[in-house]
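For reference, the chains in residue letters:
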Amino acid sequence: MITAIRADLSQGSYSFGYLGNVFTFGATGDVFNPLSVLNQAPAATNSFGGFLGIPTTPTSSYTDRGTVTFGPTDSYTSFSAPTAVPYSLGDNFIGLRATVGGQDYFGFAYTTNALLNSIGFETSAGQTITATTAISAVPELATWGMMILGMGAVGGAMRRRQKVRTTVSFA
């Protein structure tokens, strides 16, 4: 299930919940790492690090790396304070995990710089999810009718417009 969000994070943070798990995305103001995440446990975000004294940090997977899947083999961490997402410039998929009653539901957020485009979650516990962009909606029949009517009105007005005769004289 993919939900289009289109939230401009530079205007303020955006929070959403899934099965009682809360995820908050914000902008950092940093040109190179424009996103931040905050999760209230048990909600968690895809992460790397955490060994050999390297701090655990949220991570993203760029769309130009091909198909991106998130699931049980990935590392996830909760971030109790807004934490910058390294390498979040451009189009990114950020892995999400919602936990309910010991069951994990995997999802993703699709971002472009400081814009949260869409989110998606698997509806079955423990299943991996393939990250993808939301398909844009097809205009309704009434919208198509209004567009065709408008184009016809513009064409009719142009056809009925009086011709302007221009004369040039040289002195």
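Residues numbered from 1 in each chain as written. Predicted model: local features only at pLDDT ≥ 70, side-chain atom pairs only at ≥ 80, totals over all residues. Heavy atoms only, no water.

### Focus on the overall build of the chain
The helix and strand tally for the chain stands at one helix and 14 strands. At 24 Å, the chain has a C-alpha radius of gyration far larger than the 16 Å of a compact globule built from 171 residues. Dimensions of the chain along its principal axes, counting C-alpha atoms only, are 85 × 45 × 30 Å. A total of 171 residues make up the chain; the buried ones form 34% of that total. (Helix = DSSP H or I, 4+ residues; strand = E, 2+ residues; numbered from the N terminus. Rg over C-alpha atoms; globule rule 2.2 N^0.38 Å. Buried < 20%, exposed > 50% of the residue type's maximum accessible area, 1.4 Å probe, protein only.)

### Comments concerning the sheet that holds strand E4 (residues 35-40)
The sheet built from four strands is open, its strands ordered E2-E3-E4-E10 with antiparallel pairing. Edge strands, defined here as strands with exactly one partner in the open sheet, are strand E2 (14-18) and strand E10 (83-84). As paired strands, E2 and strand E3 (residues 21-27) are joined by five bridges and run antiparallel to one another. Looking at E3, one finds that Ser15 is bridged to Thr24. (Pairing = 2+ DSSP bridges.)

### Structural notes on the nonpolar core
Leu9, Phe16, Phe23, Phe25, Leu96, Leu116 and Phe121 are the most contacted members of the largest nonpolar core, which has 21 residues in total. Those residues within four positions of Phe25 in sequence are excluded, and the remaining contacts are Leu9, Ser13, Tyr14, Phe16, Ser36, Val37, Ile94, Leu96, Ala109 and Leu116. With ten residues, the next largest nonpolar core counts Ala44, Phe93, Phe106 and Phe108 among its residues. (Core = buried A, V, L, I, M, F, W, Y, C linked by side-chain atoms within 4.5 Å. Contact = heavy atoms within 4.5 Å.)

### Focus: the packing of aromatic side chains
Going through the model one piece at a time under the given rule, you end up with nine aromatic pairs. Relative to Tyr105, the ring of Tyr18 has its centre 6.4 Å away and its plane inclined at 70°; by these criteria the two rings are edge-to-face. With Tyr18 in strand E2 and Tyr105 in strand E12 (residues 103-112), this pair connects stretches of sequence that are 87 residues apart. Overall, the relative accessible area of 14% leaves Tyr18 in the buried class. Given a relative accessible area of 17%, Tyr105 falls into the buried group. Each ring, one from Phe93 and one from Phe108, has its centre 5.6 Å from the other, and the planes form 90°; the classification is edge-to-face. Of the two residues, Phe93 sits in strand E11 (residues 91-100) while Phe108 sits in strand E12, which places them 15 residues apart along the sequence. An identical accessibility class is assigned to Phe93 and Phe108; each is buried. One aromatic cluster is present, formed by Tyr14, Phe16, Tyr18, Phe23, Phe25, Tyr105 and Phe121 through successive ring pairs. (Phe/Tyr/Trp six-rings, centres within 6.5 Å; stacked < 30°, edge-to-face > 60°.)

### Topic: the pattern of salt bridges
One side chain can pair with another of opposite charge once the charged atoms of both are near each other. Within this structure, the stated rule accounts for one salt bridge. Between Arg97 and Asp104 there is a salt bridge whose closest N-O contact spans 4.0 Å. Relative accessible area serves as the criterion here: at 25%, Asp104 is assigned to the partly exposed category. (Salt bridge = Lys/Arg side-chain N within 4 Å of Asp/Glu carboxyl O.)

### A look at the confidence of the model for the chain
Averaged over all residues, the pLDDT of the chain is 87; the fraction at 70 or higher stands at 93%. By mean pLDDT, helix H1 (residues 141-160) is the weakest element of the chain at 77, and E3 is the strongest at 97. (pLDDT = per-residue confidence, 0-100.)

### Some details on unusual backbone geometry
At the junction of Ala41 and Pro42, the peptide bond is cis and its omega measures out at 15° in the coordinates. Position of Pro42 relative to the elements: it lies in the loop between E4 and strand E5 (44-48). The phi torsion at Leu19 lies on the positive side, around 50°, for a residue other than glycine. Looking at where Leu19 falls in the secondary structure, it is placed in the loop between E2 and E3. Backbone geometry places Tyr87, a non-glycine residue, at a positive phi of 60°. Counting through the fold element by element, Tyr87 comes out in the loop between E10 and E11.

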